[in-house]
Amino acid sequence: MPQLEFANPLILTQVLWLLVIFGALYVLISKVALPPVAQVLADREAAIAADLEAARALKAEADAAIAAQEKAAAKARAEAQAALRQAVDAAKAEAAKAEASLGERLAADLAAAEARIEAAKTQALGAIRSIAAEAAAEATAKLTGTTPEPGAVVAAVDAAIASSGKGR
Amino acid sequence: MAVEGKTIDALSQFELTHVAAGFTNSNLYMLIGGVAISALMVLGMQKRARVPGRLQSLAEVSYEFIYNMVDEQVGREGRKFFPFVFTLFMFVLFGNLLGMLPYAFTFTSHIAVTFTLALVVFILVTAVALAIHGTKFFSYFFPEGAPIALAPIIIPVEIISYLSRVVSLSVRLFANMVAGHVMLKVFATFVVLLGSLGVIGIIGAAAPLALNVALVGFEFLVAFLQAYVFAILTCIYLHDAVHLH
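Here is a short report on the structure shown in this document.

Cut-offs and rules
- Along each chain, residues carry numbers from 1 onward, in the same order as the chain's sequence is written.
- All chains are assigned letters beginning at A, and all ligands numbers beginning at 1, according to the order in which they are written.
- For a predicted model such as this one, the threshold for reporting local features is a pLDDT of at least 70, and the threshold for listing and counting side-chain atom pairs is 80 or more; totals across whole chains, interfaces and linings nevertheless cover every residue.
- With hydrogens and water set aside, each side-chain value is computed from the structure's full complement of heavy atoms.
- As used in this record, nonpolar core signifies buried Ala, Val, Leu, Ile, Met, Phe, Trp, Tyr and Cys residues forming a set joined through side-chain atoms within 4.5 Å.
- With a 1.4 Å probe rolled over the protein chains alone, any residue whose accessible area is under 20% of its type maximum counts as buried; one over 50% counts as exposed, and the rest are partly exposed.
- A run of H or I in DSSP becomes a helix once it reaches four residues, and a run of E becomes a strand once it reaches two; helices and strands are each numbered from the N terminus.
- We call two residues contacting when some pair of their heavy atoms lies within 4.5 Å.
- Here a cavity denotes grid points, spaced 1 Å and computed from the protein atoms alone, that fit a 1.4 Å probe unable to get out, and a pocket denotes an open set having protein on both sides within 12 Å along at least 5 of 7 lines; residues with an atom within 4 Å of a point are the lining.
- Grid points are joined across faces, edges and corners, and a volume is the space filled by probe spheres set on the points.
- When residue character is reported, Ala, Val, Leu, Ile, Met, Phe, Trp, Tyr, Cys and Pro are called nonpolar, Asp, Glu, Lys and Arg charged, and the others, Gly included, polar.
- Note on terms: buried area is the combined drop in 1.4 Å-probe accessible area of two parts once they are placed together, counting the loss on both.
- By definition here, a salt bridge exists when the distance from a side-chain nitrogen of Lys or Arg to a carboxyl oxygen of Asp or Glu is within 4 Å.
- Counted as a polar contact is a pair of N or O atoms within 3.5 Å, where, for protein atoms, one must be capable of donating a hydrogen and the other of accepting one, and residues adjacent in sequence contribute only when both atoms are in side chains.
- Two rings from Phe, Tyr or Trp (for Trp, the six-membered ring) form a pair when their centres sit within 6.5 Å of each other. Planes less than 30 degrees apart are called stacked, planes more than 60 degrees apart edge-to-face, and all others tilted.

### Here's the deal with the nonpolar core
- Counting residues in each nonpolar core, the largest one holds 72 residues, and the members touching the most others are Met41, Phe91, Leu117 and Phe230 of chain B.
- Counting residues per element, this core draws most heavily on helix α1 (residues 9-144) of chain A, at 13 residues.
- Methionine 41 of chain B has contacts with Ile29, Ala33, Leu34 and Val37 of chain A together with Ala59 and Phe86 of chain B, leaving out every residue within four places of it along the chain.

Laid out in structure tokens, this is it:
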């Protein structure tokens, strides 16, 4: 086995060169190669932490904005509902008032019309009474040849009207 | 092996050759590995991008892998050993991986190399323990509460187990790499020998070839795993040195 032929001087020189190369590599690695890696890793970690922090701040801001917006919307909705209710109430009151006045007017009109009808009826009845009395007097004179007493004719007509009016 | 050596030559791949000034082919691959590690770290981190590219990701993953290993195994006090553990891990890993290239030399298959690395770890660990705990360090060899009568047995056992760390650390890596490369070479030689026997031989060569394909995949696993084991055992020893149990 060549590795165990320790009489070979190359075994020793190999070890000496190993120490030189390994030592140089150690210096190179520790002084030149590793610091930038540590720097880059630290920078990246810091950048990620800063970005996360910024994102968190922005999210809080957005949350606050959303809350404010929701509050404003709720307030506006409440205001609108109040205004709507007020308008509805006013309209209802107006309508009730109008209805009441209309009813009053209609009742007045009705009463006036009824009074007019009553007057016309009374007038018509009066006219009928005199015409009926005349007709009755003439008919009596033609039939009997005697002119009846006007008072008696009027009384008879009145009685007749009264009985027919009762029958109505 | 002398007679078989003429047909199946599995060990010549570990032969050292002289380049210049005692610099061997083994050292050449150490240099290539060192340059490759430096290139990975320096070129990979050149852009210092916040969103890393592929090479930078590789550099960062290596960094974080070893950093977390040191942090978990040794704790906060271990951070100053991180560059050492990182260098050690990358050096062993690149040595193992470079050995997977055809015609390349696997310097981690030399016991002299792995033993030297283990010795560096051992000396560092002992120096750290002595620097932090002073003479209290020697209480490590005699656990608190053990009966004094057993001291003649316990103390030598503890000292031997402490010293044998160097051996176990170095032999584990060395043996794994040698065994893997010998197997690869032996089965590859089977393929060539059977292939020279004509049509039947070529059909027969399919089996060792298929086995070698699987072995190459397995060797990549071993290359990574042994570098990992070397690094994590170093971390565990450092933990013992810093905390003395």
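### Topic: the layout of surface pockets
All names here are of chain B.
- Put simply, the largest pocket is a space of about 450 Å³.
- Surrounding the largest pocket, 18 residues form its lining, Gln13, Leu101, Pro102, Tyr103 and Lys185 being those nearest its centre.
- Those elements that place two or more of their residues in the lining of the largest pocket are α1 (25-44), α5 (151-195) and α6 (199-243).
- At four residues, α5 tops the list of elements feeding residues into the lining of the largest pocket.
- Of the residues in the lining of the largest pocket, the class split is eleven nonpolar, six polar and one charged.

### Some points on the side chain of glutamate 60 of chain B
- Considering the arrangement of structural elements, one finds glutamate 60 of chain B in helix α2 (residues 54-73).
- Discounting chain neighbours no more than four positions away, the residues touching glutamate 60 of chain B are Val37, Val40, Leu41 and Arg44 of chain A together with Met45 and Pro52 of chain B.

### Some details on the interface of chain B and chain A
- The interface is formed by 45 residues belonging to chain B together with 32 residues belonging to chain A.
- A combined buried area of about 3400 Å² lies between chain B and chain A, and 78% of that area is made up of carbon and sulfur atoms.
- The three residues of chain B that bury the most area against chain A are Arg50, Tyr63 and Thr87 of chain B, which together make up 16% of that side's buried surface.
- Our enumeration of links across chain B and chain A arrives at one salt bridge.
- Among the ionic pairs, glutamate 60 of chain B bridges to arginine 44 of chain A, the shortest N-O distance being 2.8 Å.
- Remark: the boundary between chain B and chain A carries eight residue pairs in polar contact (both at pLDDT 80 or more).

### Points about the packing of aromatic side chains
Residue and element names in this part refer to chain B.
- Tallying each qualifying case throughout the model produces 23 aromatic pairs over all chains.
- For the pair phenylalanine 65 and phenylalanine 89, a centre-to-centre distance of 5.7 Å together with 55 degrees between the ring planes defines the contact as tilted. Taken as a pair, phenylalanine 65 in helix α2 and phenylalanine 89 in helix α3 (residues 82-98) lie far apart in primary sequence, 24 residues in all.
- Phenylalanine 65 sits in the partly exposed class, given a relative accessible area of 30%.
- Overall, phenylalanine 89 belongs to the buried group, its relative accessible area being 3%.
- Ring geometry for phenylalanine 187 versus phenylalanine 190: centroids 5.8 Å apart, planes at 80 degrees, classification edge-to-face. Placement of the pair is phenylalanine 187 and phenylalanine 190 together in helix α5, with a separation of three residues, close to one helical turn.
- What links up through ring pairs into an aromatic cluster is the set Phe122, Phe137, Phe138, Tyr140, Phe141 and Tyr162.

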